There are 2 protein chains.
Amino acid sequence: MKYKIGLDISGGDHAPEEIFKGALLARKQFKDDIVLIGVQSEIEEQIRKHNVDAGRFTIVDAPEKIGMGESPATSIRKKRNSSITIGMKMLRDKKIDAFVSCGNTGAAVCGATLQVGLMEGVERPGIGLVIPTKKGISMIVDVGANIDPKPIHLFQYGIMASVYANLVLGKNNPKVGLLNIGEEESKGPEYIRSVHKLFAETNVNFIGNLEAKDIFSGLCDCIVCDGFVGNVALKVSEGVAETMGKFLLDEIKKGFIGKIGLLLIMNSLKRVKRLMDYSEHGGAMLLGVDGIVIIGHGRSNALAVKNAVRVAIQELTHDVNLQMKTSINAICSSPKVQQTLGALGA
Amino acid sequence: MKYKIGLDISGGDHAPEEIFKGALLARKQFKDDIVLIGVQSEIEEQIRKHNVDAGRFTIVDAPEKIGMGESPATSIRKKRNSSITIGMKMLRDKKIDAFVSCGNTGAAVCGATLQVGLMEGVERPGIGLVIPTKKGISMIVDVGANIDPKPIHLFQYGIMASVYANLVLGKNNPKVGLLNIGEEESKGPEYIRSVHKLFAETNVNFIGNLEAKDIFSGLCDCIVCDGFVGNVALKVSEGVAETMGKFLLDEIKKGFIGKIGLLLIMNSLKRVKRLMDYSEHGGAMLLGVDGIVIIGHGRSNALAVKNAVRVAIQELTHDVNLQMKTSINAICSSPKVQQTLGALGA
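Let me begin by describing the structure that accompanies this report.

Some remarks on the overall build of chain A
Consideration 1: In terms of regular secondary structure, chain A is built from 12 helices and 11 strands.
Consideration 2: The C-alpha radius of gyration of chain A comes to 21 Å, within 12% of the 20 Å expected for a compact globule of 346 residues.
Consideration 3: For chain A, the spread of C-alpha atoms along the principal axes amounts to about 65 × 60 × 35 Å.
Consideration 4: Out of the 346 residues in chain A, the part that is buried amounts to 59%.
Consideration 5: Of the roughly 13800 Å² that chain A leaves accessible, carbon and sulfur atoms contribute 50%.
Consideration 6: Treating the 42 positive side-chain charges of chain A as one cloud and the 37 negative ones as another, the clouds have centres 4 Å apart.

Encoded structure:
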């Protein structure tokens, strides 16, 4: 099947050029249609500059822009002709099958929630990201959508992540872990401890708490946390990788022998750097929205944009949202879960 | 001046042997007295095994042990003869000048709060840790004591960290930053946004929000966060460093050239590893307690134990707690801060 993927040309630190170049890469690699949503004159300029047959893309004019630092709620409310608002409305009206944006994350989450709406039964959307681990790949949800978490939110993130890991990442009976400051069930803040009680009533393969040092160990397939903690965890890892790289270069450059060694391992270093740059590869999935929304890193280059389009196509191909709705519905409406939710006062 | 440093011989993954060996190193390097607090027979066995003159240490029998996984509150309440409980009581009674433990962190925090008590005006203790950055060293507070944070807690962590960074780390007018998910003041959960209002009423060198990717950039001298987030940030960085190391070795070992390169940079790699192992070096300071308490990493080896003793001596030498009390008192009792606290409903 051929899908229509909406792409926000105005969003991202390197918009519109890198986004457009990403669209070109995607158009070359995938058979699906790309709908470019952004300031028409800027899109046309890119088309001229790159000497592209204009017929290869559908263009939708969105004359307003939401800046990376703007307040999400205000910008969505006031800028009705922004690429994010128009893209989300097109997604709601099924004029596109998925929407990809590397713009203001908060605005994308807010726009998706208000215009596309959440899946039935889902209380809050969460951003899911696939990360490399010592044993392959895992996913982590939420890395920045929800900074006011309740037990039901984290519980539903776990259910949705489990579906995604199974269908898209090919994990059989995915292991779901809860990011916490200790392995024991009694550790951590109360809202996190309550999540254990909810998972206990399901057949989700819940393995309990996971300590942050094991995020990259591959001990579990789906790591559940709130958006503040998840965002910090993600950004710390970027920072550490960068700092370690700098320390290593500084140390190596102190001696002649080290410099020769550096030349010999340069390719390996570059490959590791690419492997750790997961935040820029592909995009994050906005889980819980009643439509496919992919949020790319603000720093996305053309390759990352193309990969974000690939993530959208994967979700569509595996009909991930249908299965998520089914699972959320079945699990959250079960009497035992309802009873536990009641006892938690949620 | 010669200090008496109490050392918990029963706490830590490698207790009692590594702790005892750490005491030997400390005794050799520092002129101060080491008071060994733990199971007397185990201490005596170590003294025999290492063929040490028993007169070099004061021994205090603490027959009970608190395990690393035990509930902090329960263990402190029930095990009145544990090394942590006895050590904290000795600190309260000024029989020792500082107490160092690599045991159960929660129990140490709980014991310190209950037995030693907090400084006047301090609402919650926080664990401060010195970390390496691209521009030297910084400190981060709280990395695990307080998972139920309020604005006043984070505010006071910033004040105390500023004093420490000035007196011990030698930073002039230390820059204090608030760990958050964006740089703008409007970002993050409400309790964090409120902290801005409090700092605005002081002459603390508050630079606003700091994103997690910049924890290791050296952009600020004191990074303030709650204990859950701080603990996650710290442990993620351990995990990333380890995972990157593994990825790099895997990549390098794929080719002959890389293996030669690896040999040539091995020393640099080892130095970077040591640099990043900050969590095992020295100890963390339990700030806000009315006495010097140093919490070592559970994995501490002899060298880390010796360094934790050094951290205690540094705090004593600079009379850090006196200055912290003065600053907390002056800043928190100021009419503007009191007014802001009132407006926040705190």
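Side note on the relation of the copies chain B and chain A
Consideration 1: For the match of chain B to chain A, the screw axis carries a shift of 0.0 Å, the RMSD comes to 0.0 Å, and the turn is 180 degrees. Interpreted geometrically, this transformation is the action of a two-fold axis. The position closest to the rotation axis in chain B is occupied by the C-alpha of B:Gly261, lying 1.9 Å away.

What about the pairing of strand 6 (residues 136-141) of chain B?
All names here are of chain B.
Consideration 1: Bridging between strand 5 (residues 126-133) and strand 6 involves six bridges; their strand directions are antiparallel. The residue of strand 6 that forms the bridge with Thr133 is Gly136.
Consideration 2: Hairpin connection, strand 5 to strand 6: the antiparallel pair is bridged by two residues.
Consideration 3: Relative to strand 9 (residues 222-224), strand 6 runs parallel, the two sharing three bridges. For Met139, the partnering residue across the bridge sits in strand 9 and is Cys222.

What to know about the side chain of A:Lys171
All names here are of chain A.
Consideration 1: Mapped onto the elements of the fold, Lys171 is located in the loop between helix 6 (151-167) and strand 7 (176-180).
Consideration 2: Taking relative accessible area as the criterion, Lys171 reaches 16% and is therefore assigned buried.
Consideration 3: At a separation of 3.3 Å, a polar atom in the side chain of Lys171 contacts the side chain of Asp221.
Consideration 4: Not counting the four nearest positions on each side in its chain, Lys171 is found in contact with Ile137, Ala165, Asn166 and Asp221.

Let's talk about the interface of chain B and chain A
Consideration 1: Counting from both sides, the interface comprises 50 residues of chain B and, opposite them, 50 residues of chain A.
Consideration 2: The largest contributions to the chain B side of the interface with chain A come from B:Lys134, B:Phe228 and B:Phe247, which together make up 14% of the buried area.
Consideration 3: Where chain B meets chain A, there are four salt bridges.
Consideration 4: Between B:Lys134 and A:Glu242 there is a salt bridge whose closest N-O contact spans 2.7 Å.
Consideration 5: At the junction of chain B with chain A, the criterion picks out four residue pairs in polar contact (both at pLDDT 80 or more).
Consideration 6: Counting only elements with at least two residues in the side of chain B that touches chain A, the list comes to strand 5, strand 7 (176-180), helix 8 (227-252) and helix 9 (256-276) of chain B.
Consideration 7: Considering every element that reaches the side of chain B that touches chain A, the biggest residue donor is helix 8 of chain B, with 20 residues.

Criteria and thresholds
Residues numbered from 1 in each chain as written. Chains lettered and ligands numbered in written order. Predicted model: local features only at pLDDT ≥ 70, side-chain atom pairs only at ≥ 80, totals over all residues. Heavy atoms only, no water. Helix = DSSP H or I, 4+ residues; strand = E, 2+ residues; numbered from the N terminus. Rg over C-alpha atoms; globule rule 2.2 N^0.38 Å. Buried < 20%, exposed > 50% of the residue type's maximum accessible area, 1.4 Å probe, protein only. Areas by Shrake-Rupley, 256 points an atom, 1.4 Å probe, with all protein chains shown as cover. Lys, Arg positive; Asp, Glu negative; His and termini not counted. Charge placed at Lys NZ, Arg CZ, Asp CG, Glu CD. Least-squares fit on C-alpha atoms with pLDDT ≥ 70 in both. Pairing = 2+ DSSP bridges. Polar contact = N/O pair within 3.5 Å; in protein donor to acceptor, adjacent residues only side chain to side chain. Contact = heavy atoms within 4.5 Å. Buried area = accessible area lost by both parts, 1.4 Å probe. Salt bridge = Lys/Arg side-chain N within 4 Å of Asp/Glu carboxyl O.

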